[in-house]
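# Architecture and fold: a report
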Amino acid sequence: MKEKIHDLIIIGGGPAGLSAGIYASRARLNVILFEKGMPGGQMLFTEVIENFPGFSKPIGGIGLVDEMVKQAKEAGLKIENDNILKVSHVHHQKHRFKIECDSKKIYKTLSLIISTGARWKELGVPGESNLKGKGVSYCATCDGPLFKEREIVVVGGGDKALEEALYLTKFVKSIKLIHRRDQFRAIKELQEKILANDKITPVYNSVITEMSGKKLVEFVKVKNVKTGKIDTITCNGVFVLIGIEPNSELLKEVVDMDDKGFIIVDSHARTSQDGIYACGDVIKKDLYQIATAVGEGATAAFNAQRYIDEIS
Ligand code: NAP
């Protein structure tokens, strides 16, 4: 029996992967997208998306995922629910990759698109790991409603921290927004909303050094990085929103990455390995947005198609 070789396998079903899937399916490539959880990536945990073109009224993250998945399936994309454990070259076959899945299935493909996204960073301070799920959270959309009328702290100064702090004001009594510098990194529009909100008090030049509580979070220790003074802030919850780390471990020995593990690509979405493309939050780039991810996904699919034409 002739061995089945796919044209393209896409790993990761966030906006970058789904966009790549739509383009590849419309190009009539023999393609499968693998997603280990639900398609949608970080969009699933985003309450409102206000800056994705085409939606003048803000759309919920889940609503946008549903639309993308529907469009991808209508374009003919096959989405498999499986975790990829290993990506390697097929021995003695130059233009072939082997994909090994959790389900023990093995697939072969001529090309790959890596769109595995990123995960939230942790602070790494004492008490954090013990109190995860007991007041320490990395997702306001998921856990916000659990903190009705509570006093919480939010850590971070980027878009995510400010956006989620604003969302959390719907539930909580008060927020101390702890940031390690004297100004936020987030876009000005968010900064203005934060400063105008009575429930939020910014705490600048400060870092959390410890989280503590017997069963649930009870307080955090906060150090002023300018003066060295340490204060105790009593709180019921800590939201750590300090940026992202790439989900790129799978490709460690396969493609080039920067020192943080973000995959390096050129303007054609090509990695250092012929036949492997990457897009979305897993790559090294300037701007981590849904709008940029979908463009990169389209570019990756377009160039994967060109590559397949060349080698076939
Ligand atoms: P980010 O932009 O990288 O910001 C991370 C923030 O956390 C920075 O303020 C940083 O401080 C702080 N930080 C990092 N490590 C820390 C540590 N160990 N201790 C204390 N503070 C620490 O990350 P993000 O806000 O999660 O956003 C990730 C990407 O998604 C960004 O590109 C962002 O633009 C995008 N995003 C966009 C939207 C939107 O457009 N609506 C919403 C959410 C996210 P410094 O400022 O001192 O570095």
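Now for a description of the structure that goes with this document. (Residues numbered from 1 in each chain as written. Predicted model: local features only at pLDDT ≥ 70, side-chain atom pairs only at ≥ 80, totals over all residues. Heavy atoms only, no water.)

## Thoughts on the overall build of the chain
Note the following rule: Only runs of H or I of at least four residues qualify as helices and only runs of E of at least two qualify as strands under DSSP, and these elements are numbered from the N terminus. Only C-alpha atoms enter the radius of gyration, while the globule expectation follows 2.2 Å times N to the 0.38, with N the number of residues. Accessible area is worked out with a 1.4 Å probe on protein chains only. A residue is then buried under 20% of its type maximum, exposed over 50%, and partly exposed in between. Contacts were defined at the residue level, with two residues in contact if any of their heavy atoms lie within 4.5 Å. Accessible areas in this description were obtained via Shrake-Rupley with a 1.4 Å probe; residue shielding takes into account the shown protein chains only. When charges are counted, Lys and Arg are positive and Asp and Glu negative, with His and the chain ends excluded. A charged residue contributes its charge at one atom only: NZ of Lys, CZ of Arg, CG of Asp or CD of Glu.
Along the chain, the regular secondary structure elements total six helices and 17 strands. Computed over its C-alpha atoms, the radius of gyration of the chain comes to 22 Å, within 12% of the 20 Å expected for a compact globule of 312 residues. The principal-axis extents of the C-alpha atoms in the chain amount to approximately 70 × 40 × 35 Å. Taken across its 312 residues, the chain has 47% of its residues classed as buried. For the chain, the proportion of contacts with a sequence separation of at least 24, taken over those separated by at least 6, is 58%. Accessible surface for the chain amounts to roughly 16300 Å². Of this, 49% is attributable to carbon and sulfur atoms. When the 44 basic and 40 acidic side-chain charges of the chain are each reduced to a single mean position, those positions are 2 Å apart.

## Here's the deal with the pairing of strand β14 (residues 230-234)
Rules: Any two strands with at least two DSSP-identified bridges between them are counted as paired.
Here strand β13 (residues 219-224) pairs with β14 via five bridges, running antiparallel. When the sheet's bridge partners are listed, V220 is paired in β14 with I233. Linking β13 back to β14 in an antiparallel pair, the connection comprises five residues, with G228 at a positive phi of about 80 degrees.

## Let's talk about the state of the cysteines
The criterion, for reference: To count as a disulfide, a pair of cysteine sulfur atoms needs to be within 2.5 Å.
The final tally for this structure, using the stated rule, is one disulfide. Each sulfur in the disulfide pair C139 and C142 lies 2.1 Å from the other. Judged by the torsion about the S-S bond (75 degrees), the C139/C142 disulfide is right-handed. Given a relative accessible area of 38%, C142 falls into the partly exposed group. Of all cysteine sulfurs in the structure, the one in C279 sits closest to C101, which takes part in no disulfide; the separation is 18 Å. Exposure remark for C101: the relative accessible area of 5% places this residue in the buried category. C235 carries a free sulfur, and the closest cysteine sulfur to it, the one in C139, is 18 Å from it.

## What about unusual backbone geometry?
Backbone geometry at R28 places phi at a positive 65 degrees, although glycine is not the residue there. Mapped onto the elements, R28 comes out in the loop between α1 (15-26) and β2 (31-35). You will see that N205, though not glycine, has its phi angle at about 50 degrees, which is positive. Relative to the elements of secondary structure, N205 occurs in the loop between β11 (200-203) and β12 (206-212). By relative accessible area, N205 is classed as buried at 15%.

## Some points on the pattern of salt bridges
The condition that has to hold: We define a salt bridge as a contact between a side-chain nitrogen of Lys or Arg and a carboxyl oxygen of Asp or Glu at a distance within 4 Å.
Enumeration according to the criterion identifies twelve salt bridges in this entry. R119 is the salt-bridge partner of E245, the closest N and O atoms lying 3.5 Å from each other. Here E245, found in strand β16 (residues 244-246), pairs with R119, found in strand β7 (residues 118-120); they are 126 residues apart in sequence, far enough to count as distant. The partner of E164 in a salt bridge is K160, with the nearest N and O atoms 3.9 Å apart. In this pair, E164 and K160 are both assigned in helix α4 (residues 159-168), four residues apart and thus about one turn of the helix distant. Residue classification places E164 among the buried residues on the basis of a relative accessible area of 3%.

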